[in-house]
Amino acid sequence: MLINLLSDTITKPTPEMLKAMLQAQVGDDVFGDDPTVNKLQDKIATMFGKEAALFFPSGTMANQVAINIHTQYGEQLICDKWAHVYNFEGGGAAANSGVSCALIDGDRGMFTVNQVKELINAKGNIHLASTALVAVENTTNKGGGACWNLSEIKKIKQVCAQHNLAFHLDGARLFNALVAKGESPKQYGELFDTISICLSKGLGAPIGSLLLGTKKHIEKALRVRKRFGGAMRQVGYLAAAGIYALDHHIERLAEDHQKAKIIGETLEKLSFISEVEPIDTNIVIFYLSEGIDETKFIQLLKEKGVLISSMGSGKLRMVTHLDFTDEMLAKLKDILTHLEL
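Residues numbered from 1 in each chain as written. Predicted model: local features only at pLDDT ≥ 70, side-chain atom pairs only at ≥ 80, totals over all residues. Heavy atoms only, no water.

Participant: Sorry if this is basic, but what is going on with the overall build of the protein chain here?
Facilitator: Across its full length, the protein chain carries 14 helices and 13 strands. Compactness check: the protein chain gives a C-alpha radius of gyration of 20 Å against a globular reference of 20 Å for 341 residues, within 12% of the reference. For the protein chain, the spread of C-alpha atoms along the principal axes amounts to about 60 × 55 × 35 Å. Partitioning the intrachain contacts of the protein chain with sequence separation of at least 6 by distance along the chain shows that 75% fall at a separation of at least 24. As displayed, the protein chain has an accessible area near 14900 Å², and 50% of this comes from carbon and sulfur atoms. (Helix = DSSP H or I, 4+ residues; strand = E, 2+ residues; numbered from the N terminus. Rg over C-alpha atoms; globule rule 2.2 N^0.38 Å. Contact = heavy atoms within 4.5 Å. Areas by Shrake-Rupley, 256 points an atom, 1.4 Å probe, with all protein chains shown as cover.)

The structure is reproduced here in structure tokens:
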């Protein structure tokens, strides 16, 4: 039995999802003629109370297009030092949009309104990059699936409005946060100018992300997506998986969160684990005790059929997901409990 906890991106479509994909009505989306992707875009826009949405092949492209439509060459983006848009998107903000990043030293990928205020550059100062955009990531990937406090987001929104700054949400795992905290999509739709949503993580679709915003935002995004090479043809086969995921795979995220907490409780009892970070959703981050070789530990688990990943700086990560069963959880607990180092 292979227990793959590298990421929630490794899931395969369920038989029911595959059936929905095979039965999808499709057309040429470059001409706006794919009825299934149009349905998906309308569905998620309505869910969040936004005017429009656009399908993308990846969350990285959705985020990078959002940055591009909110900024001009030479301007500044404010985000956390652990933000996905800064760390894991190939330097896209600089390469695609000519934007510099002002990094906040936040807490597990989250920051405060006061920290934002400190980094906003005065518009009239020609020596400094003009601040144009603030980006938030919820849940935080490198922060271990941490969920933002909605009240702090509201305060940051007010500051953005005061300074005429765009406000973007990298919501790759936003539904995990919504389920964990009992919040609604429309609460977030009211606060952010644009939101990216990933379908291929906790929701279990094989491919795809969406960018939500006003009609004007999405009109601009459509052109930039084309320029970035993201225009697709019969994309309805993929959109059908997204529709199925939104209809059937949101509430079940609570199961992933519970499994993650059980893993955390197991790790905390082990002598070779020095720390387990707080577990809000489906990501478990932990640290080995001093003197234990990280590479050898990962290899030992691999030999026993368990795949985990390193996030650097001594961080090890496990991510629960749709394909991680109760049987796998029991097996993992047994392996960890009896592991000899």
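Participant: Help me out: how do you make sense of the environment of Pro-185 in this one?
Facilitator: Note on placement: Pro-185 falls in helix 9 (residues 185-189). For Pro-185, a relative accessible area of 18% puts it in the buried group. Through-space distance from the C-alpha of Pro-185 to that of Glu-268 is 34 Å; in sequence the pair is 83 residues apart. (Buried < 20%, exposed > 50% of the residue type's maximum accessible area, 1.4 Å probe, protein only.)

Participant: Any chance you could explain the pattern of salt bridges here in plain terms?
Facilitator: A side chain with one charge can pair with a side chain of the opposite charge if their charged atoms come near. Going through the model one piece at a time under the given rule, you end up with 10 salt bridges. In this structure, the salt-bridge partner of Arg-108 is Asp-280, at a minimum N-O distance of 3.9 Å. Linking Arg-108 in the loop between strand 4 (100-104) and helix 6 (113-119) with Asp-280 in the loop between strand 9 (273-276) and strand 10 (283-288), this pair joins segments that are 172 residues apart in sequence. (Salt bridge = Lys/Arg side-chain N within 4 Å of Asp/Glu carboxyl O.)

Participant: Teacher, can you tell me more about helix 8 (residues 174-181) here?
Facilitator: At 3.6 residues per turn, the α-helix brings residues three or four places apart onto the same side. Every buried residue of helix 8 is listed here: Leu-174, Phe-175, Asn-176, Ala-177 and Leu-178. Those residues of helix 8 hidden inside the fold are in contact with helix 2 (35-48), strand 6 (166-171), helix 9, strand 7 (194-198), helix 11 (236-248) and helix 12 (253-268). Positioned one or two residues after helix 8, Gly-182 has a phi angle of 70°, which is positive.

Participant: Mind showing me how you'd approach the packing of helix 2 against helix 11 here?
Facilitator: Geometry of a packed helix pair, given as the angle between the helix axes and the separation of the axes. Running from amino to carboxyl end, helix 2 crosses helix 11 at an angle of 35°, the nearest separation of the two axes being 8 Å. For the crossing formed where helix 2 meets helix 11, the hand is left-handed. Between helix 2 and helix 11, the contacting residues are Thr-36, Val-37, Lys-39, Leu-40, Lys-43, Ile-44 and Met-47 on the first element and Gly-236, Ala-239, Ala-240, Gly-242, Ile-243, Leu-246 and Asp-247 on the second. (Axes fitted to C-alpha atoms, helices over the stretch in contact; angles between N-to-C directions. Left-handed = near helix turned anticlockwise from the far one by under 90°.)

Participant: Whenever I open this one, the sheet that holds strand 8 (residues 209-213) confuses me. Can you help?
Facilitator: Within a sheet, each strand pairs with its neighbour through backbone hydrogen bonds, oriented either parallel or antiparallel. Read from one edge to the other, the open sheet built from seven strands follows the order 2-8-7-6-5-3-4, with strand pairing classed as mixed. A strand with exactly one partner marks an edge of an open sheet, and here the two such strands are strand 2 (52-56) and strand 4. Shown here is a sheet whose adjacent strand axes are inclined to one another by a mean of 20°, direction ignored. Note that strand 6 and strand 7 share four bridges and pair parallel. When the bridges of strand 7 are listed, Leu-169 appears paired with Ile-195. Along the sheet, helix 10 (residues 215-227) makes contact with strand 2, strand 7 and strand 8, crossing strand 2 at roughly 20°. (Pairing = 2+ DSSP bridges.)

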